[in-house]
Amino acid sequence: MSEYIKVRTQVELDKALVREGVIPVLVGDGTFTFSGVSSSPRVEARGSSSPTVEARESSSPTVVAWGSSSPTVEARGSSSPRVVAWESSSPRVEAWGSSSPTVEARESSSPTV
């Protein structure tokens, strides 16, 4: 069973990612960076949060947006982030370089690519 932990900073995120079975929930409007081959975690944005997720190099994080959250996902380098939008969330995805993001819209979500 997964444990959800709220994180507000990159340091808190990094600590949560080393724990087995933990899914970080990005709170607030901070910036969180993923880079490297081994960086393919699942994170979530909930409520009215509006974090920025930077996927760099060959990282492939999965960002799940819930509620009225509006995360910005910036895909750079050869990254391949996956964004899943649920409920009334409105994630924004920006692709740079040779990145290849994937976006899934569910329910009444309204992602922008």
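Residues numbered from 1 in each chain as written. Predicted model: local features only at pLDDT ≥ 70, side-chain atom pairs only at ≥ 80, totals over all residues. Heavy atoms only, no water.

Looking now at the overall build of the protein. Across its full length, the protein carries 1 helix and 10 strands. Relative to the 2.2 N^0.38 estimate, which gives 13 Å for 113 residues, the radius of gyration of the protein is 13 Å and therefore close to what a compact globule would have. Judged by the C-alpha coordinates and their principal axes, the protein covers about 35 × 30 × 25 Å. Across the 113 residues that make up the protein, the buried fraction comes to 43%. Taking the contacts inside the protein whose residues are at least 6 apart along the sequence as the reference set, 9% of them involve residues at least 24 apart. Counting 11 positive and 13 negative side-chain charges, the protein places the centres of these two groups 2 Å from one another. (Helix = DSSP H or I, 4+ residues; strand = E, 2+ residues; numbered from the N terminus. Rg over C-alpha atoms; globule rule 2.2 N^0.38 Å. Buried < 20%, exposed > 50% of the residue type's maximum accessible area, 1.4 Å probe, protein only. Contact = heavy atoms within 4.5 Å. Lys, Arg positive; Asp, Glu negative; His and termini not counted. Charge placed at Lys NZ, Arg CZ, Asp CG, Glu CD.)

Here we come to the pairing of strand E1 (residues 3-7). Where a strand is regular, its side chains alternate between the two sheet faces. Summarising the sheet, E1 and strand E2 (residues 22-26) pair through 5 bridges and their orientation is parallel. Bridging across to E2, Val 7 finds its partner in Leu 26. One crossover worth recording links E1 to the parallel E2 by way of helix H1 (residues 10-17), and it is right-handed. (Pairing = 2+ DSSP bridges. Right-handed = clockwise from strand over helix to strand, strands pointing away.)

This brings us to the nonpolar core. Counting 14 residues, the largest nonpolar core has Val 7, Leu 13, Leu 26, Val 43, Val 53 and Val 73 as its most contacted members. Broken down by secondary-structure element, the contributors of at least two residues to this core are E1, H1, E2 and strand E3 (31-34). Setting aside anything within four residues of it in sequence, one finds Val 73 in contact with Val 53, Val 63, Pro 81, Val 83, Arg 92, Val 93 and Glu 94. (Core = buried A, V, L, I, M, F, W, Y, C linked by side-chain atoms within 4.5 Å.)

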